[in-house]
Amino acid sequence: MPLKDTLARVDADLANGRVPVARQRLRGLVSSYPDDLMLRRRLAEVYRLYGEPAEAGRWMYLEQDRDAGETSAFEARYRTARQRMRALAWTGHESLARTAFAGEQLAAVRTACSEALGRPLDWDTVPSDEREDGRRHGSFTGFLAGAGCLVAALVCVAIWVNGLVALLG
């Protein structure tokens, strides 16, 4: 669906009180058009309707006229440069930013994340959500899943061997 039509639907959704639907449409548009600051601004407005200053700050982070309280809430929720880099959902080089301020903000976040990780990054290789010490979240959960798969495989082999013995014996 073209951008203009989707924005018309967002307006209709908001007029009819369907704020969650409008938010989802705008999230999809921001995903498709990450460099469109107007879409980010509209999404921030919707999050203000929810009373979510951190999310409003997230989507206004690239705007010079952003609210300081919302920016602080965003930075408190997404404490590290890596988390902020992922949260901003930008793709491409920061030179694609439509304003100098947005480009500077993006470059600052990318540079801070690169320095924290000790390697150069770009917006198309945003690092995964790893803990600062290098271990992945949910490593115990991953271990349990792997152990469960191993047990299931051993049970299958045991059943197969038992069936083979019964067939040949």
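Up top is the structure.
Residues numbered from 1 in each chain as written. Predicted model: local features only at pLDDT ≥ 70, side-chain atom pairs only at ≥ 80, totals over all residues. Heavy atoms only, no water.

Draft legend 1. Representation of the pattern of salt bridges within the structure. Inspection of every chain in the model, using the stated rule, returns eleven salt bridges. Between arginine 58 and glutamate 55 there is a salt bridge, with its nearest N and O atoms 2.9 Å apart. Of the two residues, arginine 58 and glutamate 55 are both situated in helix α4 (residues 53-60); the distance of three residues between them amounts to about one turn of the helix. Across this residue pair, the class does not change: arginine 58 and glutamate 55 are buried. The salt bridge involving glutamate 94 is made with arginine 110; its shortest N-O contact spans 2.5 Å. Residue glutamate 94 is found in the loop between α6 (81-88) and α7 (100-117), and its partner arginine 110 is found in helix α7; the two are separated by 16 residues along the sequence. (Salt bridge = Lys/Arg side-chain N within 4 Å of Asp/Glu carboxyl O. Helix = DSSP H or I, 4+ residues; strand = E, 2+ residues; numbered from the N terminus. Buried < 20%, exposed > 50% of the residue type's maximum accessible area, 1.4 Å probe, protein only.)

Draft legend 2. Looking closely at the packing of aromatic side chains. The full count for this structure, using the stated rule, is three aromatic pairs. Ring centres of tyrosine 47 and tyrosine 50 lie 6.1 Å apart, and the angle between their planes is 40°; this geometry places the pair in the tilted category. Taken together, the positions of tyrosine 47 and tyrosine 50, both in helix α3 (residues 37-50) and three residues apart, correspond to about one turn of that helix. We classify tyrosine 47 as buried; its relative accessible area is 7%. Assessed through its relative accessible area of 34%, tyrosine 50 is described here as partly exposed. Between tyrosine 61 and phenylalanine 74, the ring centres sit 4.8 Å apart and the planes meet at 55°, which makes this aromatic pair tilted. Placement of the pair is tyrosine 61 in the loop between α4 and α5 (68-77) and phenylalanine 74 in helix α5, with a sequence separation of 13 residues. For tyrosine 61, a relative accessible area of 5% corresponds to the buried category. (Phe/Tyr/Trp six-rings, centres within 6.5 Å; stacked < 30°, edge-to-face > 60°.)

In short, shape yes, function no, at least from these values alone.
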